[in-house]
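Here are the chains, one letter per residue:
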Amino acid sequence: MRSNDPTQIAFASALLSGEGIEVFEMDVHMSVLEGSIGVLPRRLMVRREDAHMARAALRDNDLPVTE
């Protein structure tokens, strides 16, 4: 998942963690380089073996999914 919306990222992280899927957030500290204006999206990454279940959970909750 990729998003500029911090609330979407937080919701998706909580949702996936609740499903027992380990989540790693990338590009968190890029805001320091961009001046904290939220231009660069953050990404949520999961293990390859959890990807199918993670995509399904995100889609079921109307969150954007990156293939």
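What counts as what
- Residues numbered from 1 in each chain as written.
- Predicted model: local features only at pLDDT ≥ 70, side-chain atom pairs only at ≥ 80, totals over all residues.
- Heavy atoms only, no water.
- Helix = DSSP H or I, 4+ residues; strand = E, 2+ residues; numbered from the N terminus.
- Buried < 20%, exposed > 50% of the residue type's maximum accessible area, 1.4 Å probe, protein only.
- Contact = heavy atoms within 4.5 Å.
- Pairing = 2+ DSSP bridges.
- Salt bridge = Lys/Arg side-chain N within 4 Å of Asp/Glu carboxyl O.

A.B. asks: Give me the overall build of the chain: which residues, what numbers.
C.D. replies: Scanning the chain from terminus to terminus reveals 3 helices and 3 strands. Of the regular secondary structure in the chain, the N- to C-terminal order runs β-α-β-α-β-α. Scored against the burial criterion, the 67 residues of the chain give a buried share of 24%. Across the chain, contacts joining residues at least 24 apart in sequence account for 56% of those joining residues at least 6 apart.

A.B. asks: Go over the sheet that holds strand S3 (residues 42–46) with me, naming the residues and quoting the values.
C.D. replies: The 3 strands lie next to each other as S1-S3-S2, forming an open sheet whose pairing is antiparallel. With partners counted over all chains shown, the strands left at the sheet margins are strand S1 (2–3) and strand S2 (23–26), one partner each. Bridge analysis of S2 against S3 gives 4 bridges, and the strand direction is antiparallel. Of the residues in S3, the one forming a bridge with Phe-24 is Met-45.

A.B. asks: Explain the pattern of salt bridges to me, and be specific about the residues and the numbers.
C.D. replies: Summed over all chains, the structure comprises 3 salt bridges. The closest approach of N and O atoms between Glu-25 and Arg-42, which form a salt bridge, is 3.1 Å. Of this pair, Glu-25 sits in strand S2 while Arg-42 sits in strand S3, and the two are 17 residues apart along the sequence.

Geometry only, nothing functional implied.
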